[in-house]
Amino acid sequence: MQFSEMRLLTVIAPDSLEEHLTREFKALGATGYTILPARGEGGHGLRTSELEGGNIQAEVIVDADTAERMVEHLFAKFLPRHAIVVYLMRIDVVRPHKFVAPTTP
Amino acid sequence: MQFSEMRLLTVIAPDSLEEHLTREFKALGATGYTILPARGEGGHGLRTSELEGGNIQAEVIVDADTAERMVEHLFAKFLPRHAIVVYLMRIDVVRPHKFVAPTTP
Amino acid sequence: MQFSEMRLLTVIAPDSLEEHLTREFKALGATGYTILPARGEGGHGLRTSELEGGNIQAEVIVDADTAERMVEHLFAKFLPRHAIVVYLMRIDVVRPHKFVAPTTP
């Protein structure tokens, strides 16, 4: 079986940002996303109060270039005013084309 | 402390598949599994409607060979009719034997 | 954009341990944590009954040294009496200092 390396981009954010976040994901080239309900504390040093309510852990699978572009965009868009945590990890998938939008810029 | 590399296999699927999926995990050599409630959209390009309801993110820890065998089996079993997303990542665990079923085929 | 490699430490445990676990995380140098509600079975070979109730999947982002120290501590503290699963993975973050407590021992 043939595996290809892609990136899993994870964003932990207040759940009030869910709609805004998923809209950004799609605009930036994601073909889908997964939202896990979460709670947490501390925001890893960021504005504590905001991350103490209901959070979401949002996950998208994208190629390395799209992942980096998304991180840059999400930081510029959300960090000035919101407590979000963003990280990337390497994953192996079988059908990488499924995670590349036909209209990826 | 001694770490060993294993694989975390993640499956995102409609929650109606939970029982079927976990039965397959065990039949294929998993000694346990974790289910996270999830929601999502798009299924990364797969049959959109199915992944728009309640989803699950199912996770199992297995060795590399078992992981590859599971991916192959899950694709053959579920993909023809269901929208599932499957990926592998490398993790470090302390007691790898805990994740190997005595009866692994 | 400059990425730095950190560790994501994941702990799967009975939800009755949540408060105890998060207290330990902070005492050991975490600046935040995320809790995902979970369910599961088998505990990967560990005391099955305990992991069949409500579980949590707890996640913290720390540097490699802190991660290793945490795993050692969590095993010593919880494993004798509880069914927990612990694993590490490598992640890339943008602002690594956000995940290092000023008072990390």
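What comes next concerns the included structure. (Residues numbered from 1 in each chain as written. Chains lettered and ligands numbered in written order. Predicted model: local features only at pLDDT ≥ 70, side-chain atom pairs only at ≥ 80, totals over all residues. Heavy atoms only, no water.)

### Observations concerning the overall build of chain A
Now for step 1: The helix and strand inventory of chain A stands at three helices and four strands.
Now for step 2: Mapped from its N terminus to its C terminus, chain A presents α and β elements in the order β-α-β-α-β-α-β.
Now for step 3: Taken over 105 residues, chain A has a buried fraction of 58%.
Now for step 4: For chain A, restricting intrachain contacts to residue pairs at least 6 apart in sequence, the fraction spanning at least 24 positions comes to 78%. (Helix = DSSP H or I, 4+ residues; strand = E, 2+ residues; numbered from the N terminus. Buried < 20%, exposed > 50% of the residue type's maximum accessible area, 1.4 Å probe, protein only. Contact = heavy atoms within 4.5 Å.)

### With respect to empty space enclosed by the protein
Now for step 1: Counting across every chain of the model gives nine cavities of 30 Å³ or more.
Now for step 2: As a volume, the largest cavity reaches approximately 130 Å³.
Now for step 3: Lining the largest cavity are 21 residues, and of these A:Glu59, B:Glu59, C:Gln57, C:Glu59 and C:Met89 lie nearest its centre. (1 Å grid on protein atoms, 1.4 Å probe; cavity = no way out; pocket = protein on both sides within 12 Å on 5 of 7 lines; lining within 4 Å. Points joined across faces, edges and corners; volume = space filled by probe spheres on them.)

### Topic: the relation of the copies chain A and chain B
Now for step 1: With an RMSD of 0.0 Å, the operation that places chain A on chain B is a rotation of 120° combined with a shift of 0.0 Å along the axis. The relationship between the two copies is best expressed as a three-fold rotation axis.
Now for step 2: When the interface residues of chain A are mapped onto chain B, a mere 17% of them are again interface residues, pointing to distinct binding faces. (Least-squares fit on C-alpha atoms with pLDDT ≥ 70 in both.)

### Quick notes on the interface of chain B and chain C
One widely used convention gives an interface's size as the accessible area the parts lose upon coming together.
Now for step 1: Across the boundary between the two partners, chain B contributes 24 residues, which contact 23 residues of chain C.
Now for step 2: Taken together, chain B and chain C are joined by two salt bridges.
Now for step 3: For C:Glu41, the salt bridge is made with B:Lys26, and the minimal N-O distance between the two is 2.9 Å.
Now for step 4: Our count for the contact surface shared by chain B and chain C stands at six residue pairs in polar contact (both at pLDDT 80 or more). (Salt bridge = Lys/Arg side-chain N within 4 Å of Asp/Glu carboxyl O. Polar contact = N/O pair within 3.5 Å; in protein donor to acceptor, adjacent residues only side chain to side chain.)

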